[in-house]
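Listed below, chain by chain, are the residues.
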Amino acid sequence: MGRGKLRIYLGAAPGVGKTYAMLSEAHRRVERGTDCVVAFVEHHNRPRTEVMLHGLEQLPRRELEYRGSLFTEMDVDAVLGRAPAVALVDELAHTNVPGSRNAKRWQDVEELLAAGIDVVSTVNIQHLESLGDVVESITGVRQRETVPDEVVRRADQIELVDMSPQALRRRMAHGNIYKSDKVDAALSNYFRPGNLTALRELALLWVADRVDEYLTEYRTDHRVSKIWGSRERIVVGLTGGPEGRTLIRRAARLAEKGAGGEVMAVYIARSDGLTSASPKELAVQRTLVEDLGGTFHHVVGDDIPASLLDFARGVNATQIVLGSSRRKTWQYMFGPGVGATVARESGSDLDVHIVTHDEVAKGRGLPVARGARLGRSRIIWGWIVGVGGPVILALLLNTVDLGLANDMLLFLTVTVAAALLGGLYPALASAAFGSLLLNYYYTPPLHRLTIADPKNIVAIAIFVGVAVSVASVVDLAARRTHQAARLRAESEILSFLAGSVLRGETSLEALLERVRETFGMESVALLERESDVDPWTCAGSVGPRPLVERPEDADVDMPVGDHMALALSGRVLPASDRRVLAAFAAQAAVVLDRQRLQHEADQAKELAEGNRIRTALLAAVSHDLRTPLAGIKAAVSSLRSDDVAWSEEDQAELLAGIEDGADRLDHLVGNLLDMSRLQTGTVTPLIREIDLDEVVPMALGGVPEDSVELEIPESLPMVAVDAGLLERAVANLVENAVKYSPADELVLVSASAMADRVEMRVVDRGPGVPDEAKDRIFAPFQRYGDAPRGAGVGLGLAVARGFAEAMGGTLNAEDTPGGGLTMVLTLRAVDSRPDLTTAAPAAERQAS
């Protein structure tokens, strides 16, 4: 049985109609005869959504009890047992109640897909993990229920359920999303037009990027080279000169004029030495383009115009931005230049912008020189001059008598010209052909291939020797120039590679992508195996259809040690490129080792932290828990003793001691268990909307009744918290304050609302804590001052801060005016933001 297909309805905010669209699709499939069931759909008492459930088979839910309340979750076993063709699963990012089969609903969906069941689900854009910080900056709300982007990207179909902010607000005002008592608060906070517009833009851009990935994959699979102008992509050709900053800014302005515009700056390292780029200037331009939201690319190419056009077509660009040439007028004799060539060969699918700048016609860093290779056209001209030049010269010299010496100098000039143009072989051909013509036409006896005067033999020999020497020098210079230019291109790439190491770029995928771009490959994969007989495994890959089986089957196989290899597919590289490729391969191996070492270091750090906690726990158990146990043991032994007749007052005192010791034990064990849960990450808050005055009084049970003064106004907004965790945190704060506060001073517990937050302050008049120690008092097993061992194990404040952060709040210490310490507990208010409870596994869920 194959894997099931996943279809996702994506929305920008609650209420846009995701669930309604999903149920409509289910009805269409049922009408077509498809076996479709409702695995889990929450209608949130919305009449139109509830009506859509009629006529659909709904599977029973699984009931779970958590903290004294009963919740329902999707029954994965029931869905697998029913084995429908299609299952509807609402709210993909939902967090399951503790005790469920999986922690997240998307993990439940993965099980259904693995069983061959097609799944239709819903998710809001704010629940994508990569967009959490962006959504928080827009709405002020940190989404705690998230789904990995890759889960959504792997979906076979993603359908955007869109609605304008105005229409959504009208739907909210009509009571179609939230209850009437929450409508005003929602419209004035989370559902503000600005928030909805920004979230809508996020959703549209994310879906557009996903569509673009599909398009790129399709073009690659079908080898489509023609540009499809589906969106504006602007390629900026950089030379490393100072005009690059002007070009980048100009391209950014062009991109802003079109929706979804993208800027890609590319520097092509020429192997023919025609440009000399400043590494410092390139670094500045790289930073500039990245600050403007673009990307920087470094490519090697022998032919600058062709490489630039190939890159542009490869990324499906629509425009190319180039600068006006910096060459002086006389330098145009060497060719029309990159800009003119690109404009001529771009075709009708690419627009080329030539941008003026301050460096126009001021000269290039180096004069134009043909260095790397002579080029086909140059070699052809060399042969034309080498062979045709002597013939034309002989015809001209037959009409005028200049003497043998001048004739030889003119033939030598033609040979030198052939050497300068075409190199060694055209020059040798010119020397041989010219010597024959000199012998035949101008050396006595004329019109015969013999020489009567020995002096003429010496002259012709010198002519041939000079011609061959000049040709050899020109050819050697061309080779040396080629080598120098090649080494310079390699040094630029290696310099970039070293810079990436210094910048701390440790992503293996990013490095492999750089290899693919630099050498113009379709895909790159890093393969490894344990031994010579083990199969190869893929440690990382980029590009479509990477080779992940055997490196020998790739177009280029670069070994890295004995059991690792870099496999490149796309074309065969020349031997001269393998030296740079070897550096990339070695760096890839280093990056992979670094990632694994970092992972091992993180694990070792976790183990060390766990060992530290365990050691501290053992120390606490060995002493702090033994003291109350010893007191209880002594009191019980005294009461059971037959040797002493205890009075009622003595018995009451002993029983009170037993009760006090038991309370201390209960408090210590509770803090130890809470700290263990925080350290192991098993604290899962059940976020609900509650009033502070429902929880805070319950947290004061462990302190004397006349030691605390409460000031909690009834007008405070509700807060999104876990009632149990909040009660535990407040109890620890109050107990700590009472412990250090003077006996005649009351501890003040007050609360106030500030914007979308509620601040609760626990104020004591004790000795206070200096500023440098305010953070240390929240560390586990820390006790400030000379607190005796019996005062606790130093976990109360650490547990309180851990619980506060688990609920999305903060806990900090401040000085009390006039002396003392104030603990400030900040919580999220939810009366004004009715959809902030998405962090709760089974609290009020968003519907569509």
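As shown above, the structure is provided for reference.
Let me sum up the structure you'll find in this document. (Residues numbered from 1 in each chain as written. Predicted model: local features only at pLDDT ≥ 70, side-chain atom pairs only at ≥ 80, totals over all residues. Heavy atoms only, no water.)

This part is about the overall build of the protein. Assigned secondary structure in the protein consists of 24 helices and 24 strands. For the protein, the residues scored as buried account for 47% of the 848 residues in total. With the model as given, the accessible surface of the protein reaches about 41000 Å², and the carbon-plus-sulfur share is 55%. (Helix = DSSP H or I, 4+ residues; strand = E, 2+ residues; numbered from the N terminus. Buried < 20%, exposed > 50% of the residue type's maximum accessible area, 1.4 Å probe, protein only. Areas by Shrake-Rupley, 256 points an atom, 1.4 Å probe, with all protein chains shown as cover.)

Under the defined criterion, the tally for this structure stands at 0 aromatic pairs. Over the ring of Phe40 we find Arg61; its NZ or CZ atom is 4.0 Å from the centre of that ring. The ring of Phe40 is capped by Arg105, whose NZ or CZ atom sits 4.0 Å from the centre of that ring. (Phe/Tyr/Trp six-rings, centres within 6.5 Å; stacked < 30°, edge-to-face > 60°. Lys NZ or Arg CZ within 6 Å of the ring centre and 35° of its normal.)

In terms of nonpolar packing, the biggest core is built from 63 residues, with Leu88, Leu92, Leu112, Val147, Phe191 and Trp206 touching the most fellow members. With 6 residues, helix α9 (residues 193-221) is the largest single contributor of residues to this core. With near-sequence residues (within four places) excluded, Leu92 lies in contact with Ile8, Arg105, Trp106, Val109, Ser121, Thr122, Val123, Val147, Val151 and Val152. One finds Ala737, Ile777, Val799 and Ala800 within the second-largest nonpolar core, a separate group that totals 46 residues. (Core = buried A, V, L, I, M, F, W, Y, C linked by side-chain atoms within 4.5 Å. Contact = heavy atoms within 4.5 Å.)

Over its 19 residues, helix α16 (residues 424-442) extends 26 Å from the first C-alpha to the last, a length consistent with the 27 Å expected when each residue adds 1.5 Å. All of the buried residues in α16 are Leu424, Pro426, Ala427, Ser430, Ala431, Gly434, Ser435, Leu437, Leu438, Asn439 and Tyr442. (Expected span 1.5 Å × (residues − 1).)

Here we take up the pairing of strand β12 (residues 319-323). Among the 5 residues of β12, 4 are classified as buried, and the element is accordingly described as predominantly covered. Note that β12 and strand β13 (residues 351-355) share 5 bridges and pair parallel. Its bridge partner lying in β13, Leu322 is registered against Ile354. (Pairing = 2+ DSSP bridges.)

Glancing now at the side chain of Lys18. Counting through the fold element by element, Lys18 comes out in helix α1 (residues 18-31). Among buried Asp, Glu, Lys and Arg side chains, Lys18 stands out as unpaired, with Asp90 the closest opposite charge at 6.8 Å. Looking at Lys18, its side chain comes within polar contact range of the side chain of Asn124, at 2.7 Å. (Lys, Arg positive; Asp, Glu negative; His and termini not counted. Salt bridge = Lys/Arg side-chain N within 4 Å of Asp/Glu carboxyl O. Polar contact = N/O pair within 3.5 Å; in protein donor to acceptor, adjacent residues only side chain to side chain.)

A separate point is the pattern of salt bridges. One pass over the full model with this rule turns up 23 salt bridges. Across the pair Arg286 and Glu290 runs a salt bridge whose closest N-O atoms are separated by 3.4 Å. One end of the pair is Arg286 and the other is Glu290, both in helix α11 (residues 279-291) and 4 residues apart, which spans about a single turn. Its relative accessible area of 40% is what places Glu290 among the partly exposed residues. With a closest N to O distance of 2.2 Å, Glu528 and Arg596 form a salt bridge. With Glu528 in strand β14 (residues 523-528) and Arg596 in helix α19 (residues 578-624), this pair connects stretches of sequence that are 68 residues apart. With a relative accessible area of 14%, Glu528 lands in the buried category.

On the surface, Ile379, Trp383, Val387 and Tyr425 cluster together into a nonpolar patch covering about 400 Å² of accessible area. Considering every element that reaches the nonpolar patch, the biggest residue donor is helix α14 (residues 376-397), with 3 residues. With respect to the helices and strands, Tyr425 occurs in helix α16. (Patch = residues over 30% accessible without salt bridge, like charges linked within 9 Å, V, L, I, M, F, W, Y side chains within 5 Å.)

What follows deals with unusual backbone geometry. Unusually for a residue other than glycine, Ala83 sits at a positive phi of about 50°. Summarising the element assignment, Ala83 is placed in the loop between α3 (76-82) and β6 (86-89).

Strand order in this open sheet of 5 strands is β19-β21-β22-β24-β23, and the pairing throughout is mixed. The open sheet has two free edges, formed respectively by β19 (708-711) and β23 (810-815), since each of these has just one partner strand. Across the sheet, the mean angle separating the axes of adjacent strands is 20° when strand polarity is ignored. As judged from the 7 bridges shared by strand β21 (residues 747-754) and strand β22 (residues 757-763), these two strands associate in the antiparallel manner. Considered in β22, the bridge of Ala751 is made with Met760. Its contacts with the sheet put helix α24 (residues 796-806) on β23 and β24 (821-828), and the angle it makes with β23 is roughly 130°. (Axes fitted to C-alpha atoms, helices over the stretch in contact; angles between N-to-C directions.)

We now examine the pairing of strand β17 (residues 564-569). Consecutive side chains along a regular strand alternate between the two faces of the sheet. The buried fraction of β17 amounts to 6 of the 6 residues, a majority that puts the element mostly inside the structure. Here β14 pairs with β17 via 6 bridges, running antiparallel. Bridged to Leu526 within β17 is Leu566. Bridging between strand β16 (residues 556-559) and β17 involves 4 bridges; their strand directions are antiparallel. What sits directly across from Val556, in β17, is Leu568. Where β16 folds back on β17, the antiparallel hairpin that results is connected by 4 residues, among which Gly561 adopts a positive phi of roughly 75°.

Our focus in this paragraph is the sheet that holds strand β1 (residues 6-11). Reading across from one edge, β3-β2-β6-β7-β1-β8 is the order of the 6 strands in this open sheet, with parallel pairing throughout. Looking at strand neighbours, the two that pair on one side only are β3 (57-58) and β8 (157-161), the edges of this open sheet. Across 5 bridges, β1 lies against β8 in parallel orientation. Bridging from a neighbouring strand, Ile8 pairs with Ile158 of β8. Lying over the sheet, helix α4 (residues 105-114) contacts β1, β2 (36-40), β6 and β7 (118-124), oriented at roughly 180° with respect to β6.

Here we take up the environment of Pro98. When you line up the elements, Pro98 lands in the loop between β6 and α4. The exposure class of Pro98 is partly exposed, given its relative accessible area of 29%. Residues Pro98 and Leu64 lie 34 residues apart in sequence; the distance between their C-alpha atoms is 8.5 Å.

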